[in-house]
Amino acid sequence: QKMRTIWPALRGIFHSAAQRLGATEETMDIDVEQSPDTRLQDMLLTILAILERSLDATEFLGPNRDEHQEVMLSTLMTKVTAANHSATVSADDSPPHSHSVQASAVGAYYFFDAFVQQMPTFKLASAIIFLQSKIADKAAGEVDEALSEQALWSLTQTSHWGDSTVKERDAVTRLLVCHVSKNKDAIECIVKLSSELLPEFDPDDVKDDVEAEGYCKFSGRAFASIFSVLLEYTTHDFADLEKTAAESEKDDPAALLSRLHRSVQAFDQLIKFSKGWDRDSGVLHSCMKFGNKIISSFIKIVPSLHRCFKTQQEEIKSVLKLLQTSTRALQHICAHAKVEKDARVFKLVPIVKRNLEAMLFKVKALTETMGCLAAFSVGNLKHRNLQGQEVCSQVNENDDDEEEEEEEGDDDDEEQEKEGNDSEAATPRPARGKGKNREKEEQDEGEETASDDNSD
């Protein structure tokens, strides 16, 4: 009963403070020159934090969780939003109260939606959107598209926010997550951001602010986090494709191939940034981490290609050739990590190489089963740097003439590569520290060499 009185009080305070701080609903006119009242700002941010935390911390509510959430959310919605949006919830076999929670969540979402574009600061607008994101999770997809558009709006206001978005790097990243994850076509968002926003970042001068056309200002140091978000949701799309391929054997293969081609295209477009950002460990780590997951998903999708190979041969060939450039980029990152001794990236090399090898065998089996093995060519993988330029396979690390012999003989399929039969002679890494750090680095390299020998 106490909770039933708290939520209406918070709603009333928020509504009053938001109207005093922002523009009126009628004018929608924000005075960017006038400094907002910091006390009102802090009050609104506190209320938003309480509501967001309350939606997160529901485990203490026990079996009556849905009922308590319904009480909370229903007090945040006006009678107008209740009437307009509760009808969007369809009936099914959901548990008791779930429909009411869903309807209340939709209404509460639109209550806050009216205030986002009235807020005078980026921090306040983004805080409301983050609360809307939590509410949207209770609305069963009813407001996902609206949330995606609202997040994009906040990232494209070039005049409202000034330089504030440069300082709020974490908020910018969360807004990108809202935009991409809630969009009905995440891959289209990823391709658009990869072509319009990411190229504006300069790897040689990360201190410069970025002003891509149509977007608000970004910190030059935000590239790695933005890049990681886009790669992560590309991975999610591949995982969804993997699930679709496994469950829908009788579905239209052309539709599956079309989706697969777009996803591979997005992955290829992203991983090409590794060439320019070769000095950023975070970027290369994201390429290896998410690239490995994408290759794993693709391996599980290959069996579904058997079923439509005869009718969709050219389309499949196109997908494989496009994926080839991405797998080559992963091989170049593996070689780069071994030369540079980047421990964060280096530890992912063995598993990435094993997956690349497994994919090679899967594709080879596909061509053999379909009677077109002649189209499958194998060659030696040359040792290249991230720019694709051929380099010496032995690299001198120190004046002590310490050398590391790189793996050779990696096979190149339909342009997928595989490790050769040469054993790798590992050399201790140059010391970066004393004692345990040095021993740990030598142990890691020994494990990686053993892994390579086993896969050979």
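Residues numbered from 1 in each chain as written. Predicted model: local features only at pLDDT ≥ 70, side-chain atom pairs only at ≥ 80, totals over all residues. Heavy atoms only, no water.

A. The overall build of the protein, seen in detail. When helices and strands are counted, the protein shows 17 helices and 4 strands. Burial status across the protein gives 48% buried among its 456 residues. Taking as baseline every contact in the protein between residues at least 6 positions apart, the subset at least 24 positions apart corresponds to 72%. Only carbon and sulfur atoms are counted for the fraction: they give 46% of the accessible area of the protein, which is about 22,200 Å². (Helix = DSSP H or I, 4+ residues; strand = E, 2+ residues; numbered from the N terminus. Buried < 20%, exposed > 50% of the residue type's maximum accessible area, 1.4 Å probe, protein only. Contact = heavy atoms within 4.5 Å. Areas by Shrake-Rupley, 256 points an atom, 1.4 Å probe, with all protein chains shown as cover.)

B. Spotlight on the packing of helix α14 (residues 313–340) against helix α16 (residues 349–369). At a minimum axis distance of 11 Å, the contact between α14 and α16 shows a crossing angle of 155°. Between α14 and α16, the crossing angle belongs to the class labelled roughly antiparallel. For α14 against α16, the interelement crossing comes out left-handed. Contacts between α14 and α16 involve I316, L320, L323, T327, L330, Q331, C334, A337 and K338 from the former and V349, V352, K353, L356, M359, V363 and L366 from the latter. Partitioning the contact of α14 with α16 into residue classes produces 12 nonpolar, 2 polar and 2 charged. (Axes fitted to C-alpha atoms, helices over the stretch in contact; angles between N-to-C directions. Parallel < 35°, antiparallel > 145°, perpendicular 65-115°, else oblique. Left-handed = near helix turned anticlockwise from the far one by under 90°. Nonpolar A, V, L, I, M, F, W, Y, C, P; charged D, E, K, R; others polar.)

C. Representation of the side chain of S126 in the model. Assignment of secondary structure puts S126 in helix α6 (residues 122–136). Using a relative accessible area of 3% as the deciding quantity, one classes S126 as buried. Once you skip the residues sitting within four places of it in the chain, S126 turns out to touch A171 and L175.

D. Summary view of a negative patch on the surface. On the surface, D202, D208, D209 and E211 cluster together to form a negatively charged patch. Here D208 is to be found in the loop between α10 (186–196) and α11 (223–247). (Patch = residues over 30% accessible without salt bridge, like charges linked within 9 Å, V, L, I, M, F, W, Y side chains within 5 Å. Salt bridge = Lys/Arg side-chain N within 4 Å of Asp/Glu carboxyl O. Lys, Arg positive; Asp, Glu negative; His and termini not counted. Charge placed at Lys NZ, Arg CZ, Asp CG, Glu CD.)

E. The arrangement of the confidence of the model for the protein in detail. Overall, the predicted model of the protein reaches an average pLDDT of 75, with 68% of residues at or above 70. Confidence drops under pLDDT 50 across residues 24–33; counting only partners more than four residues distant or on other chains, this segment forms 13 contacts. Below a pLDDT of 50 lies the segment residues 79–99, which in the model reaches 22 contacts outside its immediate sequence neighbourhood of four places, other chains included. (pLDDT = per-residue confidence, 0-100.)

F. Highlighting a positive patch on the surface. Side chains of K289, K293, R344 and K347 sit close together on the surface and give a patch of like positive charge. Relative to the elements of secondary structure, K293 occurs in helix α13 (residues 281–308).

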